[in-house]
Amino acid sequence: MTRRLLLSYLSLAALVLVCLEIPLGFVYSRSERERVVSVAKDEAESVSAYASLSLSAGRAERDLPRRVIHCAERVGGKVVVVDASGALLATSHPLAAVMSSNLASRPGIAAALHGTSTVDVRTSTIGGVEYLSVAVPIRHTSGLQGAVWLTLPTRTVHERVHHVWLLLGLGGLGVLTAVAVVGFAIARWTGRPIRELELATHELADGGVATPVTITKGPPEVRALAAAFNRTAARLAHLLDAQHAFAGEASHQLRTPLAALRLRLENLEPNVAARGRGSLTAAVTETDRLSRMVEGLLAMARLEENAATPGPVDVGAICAERHRTWQPLFEKQRVSLVLFAGSVGPVLAVPGGVEQIVDNLLSNALRASPSDSTVTMELRLHVPARRALRDARPAWVDLHITDEGPGMTPEQCARAFDRFWRAPGAPKGGTGLGLSLVQRLAHASGGEASLHAAAAGGLDAVIRLPSAEAPREGHGPAPDKPGQRKRGVPALRA
């Protein structure tokens, strides 16, 4: 943030300097050139007036050369005076014989001999030096007496203009340096409390306890924001502590009475008549259901409280281990459990999340499956089609658990992940929390959960988790089509 603020200050200062200094430089350059032209014209007219008086008094040969040399030294140029016929009267510098004989043919002198003053800027072919040429006529009451031709090199003017441009550039650089120093101090003063807020926010988002930020630094708006953040962080910490305390206390306070209630109901069995045994069994069943509901609620509370960061998990090994664990129970219910084991690599999931997802889905599939049916566990790797070598789209691993039970309608599949919702006609013993917990675990892992109608008439529960390995271009398995199993994958049957 400090760099962005400093860049903003420097950009604004540079824009102001450009808008001020460039017009100032052009105005000065124009005024300097106009001043030099005006000085040259004044000097030429002064020499013309002096020459007119000298010619009238007959002292031109004695006084005029000295005046011409003095004027040329004062302006740093050259002065030539000719008579009405174009013959040389005086010069401030030696002239070649050819040039002296051709003075009347020069455009400026020729125009002055006809009574017209001229100002011209021409470039010499030697060195490319610009010269300012001024020619004025020498007038007298009796008529034209000659002309004055003054040439002045404009190199001095250019050097002076360049010097002014250099001074403007150095001045602008000095201003930008001062703005950079002051802007850096202001940016640090403004950005330091915001950086503290950012660090505290990241710490709070990562599940840590946010350290209260200082509210005595920075602008008033930032101090107000820091105070609001401190109040929010304190309130959130209080709520998390209360939730943690509730989860711990509820785990103890609810489990013990439920266990005692179940024990008392079981102890009542010898004293209950035959016609009341059904009610006693129903009460025990409801007690078990209440215990499972409490466990599900506590699991959700722990999930929301911990908010663990997803990490690499070997989903194939977990599925194989849960297959071995559930296999005896499925055999007892006369349901086949088949695992299509393939190498799909690790996935990203919260710690313990895949185990809970598989257990809940297998439990639901077992309750919904009739005898002599099959429940299938299958892993599929989906690799997106690569359009470029640096295409960073992730690969996904789909976990399918498919049963051959009654299935669900599309409307029921959409509501199945709601808390405490159970499908009409669902087997007894469910709490309506299993699929909700599955969805939360999938979302916490960066994936998603969905239910679809299976080809055999049952339900296909799909858990999509991000792959922990990005496949290289031209490597890895080809993307699978929906419903297509990979060839060569062995099946493990219960």
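Treat the numbers as computed from the prediction; the structure is a model and nothing was measured. Numbering of residues starts from 1 in every chain and runs along the sequence as written. Only residues with pLDDT of 70 or above have their local features reported here, since the model is predicted, and side-chain atom pairs are shown and tallied only from 80 upward, although totals for entire chains, interfaces and linings are computed over all residues. Only hydrogens and water are removed before side-chain values are computed, so all heavy atoms of the structure are retained for them.

Chemist: Can you lay out the overall build of the protein for me, pointing to particular residues and giving the numbers?
Modeler: For the purposes of this entry, the term helix denotes a DSSP run of H or I that reaches at least four residues, the term strand denotes a run of E that reaches at least two, and both are numbered from the N terminus. Within the protein one finds eleven helices and 13 strands. Buried residues in the protein amount to 35% of all 494 residues. Taking the contacts inside the protein whose residues are at least 6 apart along the sequence as the reference set, 65% of them involve residues at least 24 apart. Throughout, the Shrake-Rupley method with a 1.4 Å probe supplies accessible areas, and for residues the shown protein chains are the sole cover considered. Carbon and sulfur atoms provide 59% of the accessible area of the protein, an area that totals close to 28,500 Å². When accessible area is computed with a 1.4 Å probe and restricted to protein chains, residues below 20% of their type maximum are described as buried, those above 50% as exposed, and intermediate ones as partly exposed. Only heavy atoms matter for contacts: two residues are in contact if any of them lie within 4.5 Å across the pair.

Chemist: How would you summarise the UniProt feature "transmembrane region" (unreviewed entry) in the protein if you had to cite specific residues and measurements?
Modeler: Following the UniProt record, the feature "transmembrane region" (unreviewed entry) maps to residues 164-187 here. With 100% helix and 0% strand, the stretch residues 164-187 has end C-alpha atoms that lie 33 Å from each other. UniProt positions are given in the numbering used here, feature names are shortened, and annotations may be inferred rather than shown by experiment.

Chemist: So what's going on with the pattern of salt bridges? Which residues, and what values?
Modeler: Salt bridges are defined by distance alone: a side-chain nitrogen of Lys or Arg within 4 Å of a carboxyl oxygen of Asp or Glu. Taken as a whole and judged by the stated rule, the model has ten salt bridges. With its nearest N and O atoms 2.5 Å apart, the salt bridge here joins Arg 74 to Glu 43. You can see Arg 74 sitting in helix α2 (residues 60-75) and its partner Glu 43 sitting in helix α1 (residues 2-57), a full 31 residues away along the chain. Since its relative accessible area comes to 42%, Arg 74 is described here as partly exposed. A residue is classified by how much of its surface remains accessible, and Glu 43, at 13% relative accessible area, is buried. The residue Arg 66 makes a salt bridge to Asp 63 at a minimum N-O spacing of 3.3 Å.

Chemist: Give me the lowdown on the environment of Arg 223, citing residues and values where you can.
Modeler: Its place among the elements puts Arg 223 in helix α6 (residues 220-267). Residue class for Arg 223 comes out partly exposed when judged on its relative accessible area of 30%. Between the C-alpha atom of Arg 223 and that of Ile 194, which follows or precedes it by 29 residues, the distance is 9.3 Å. Once residues within four sequence positions are removed from consideration, Arg 223 is found in contact with Ile 215, Thr 216, Lys 217 and Gly 218.

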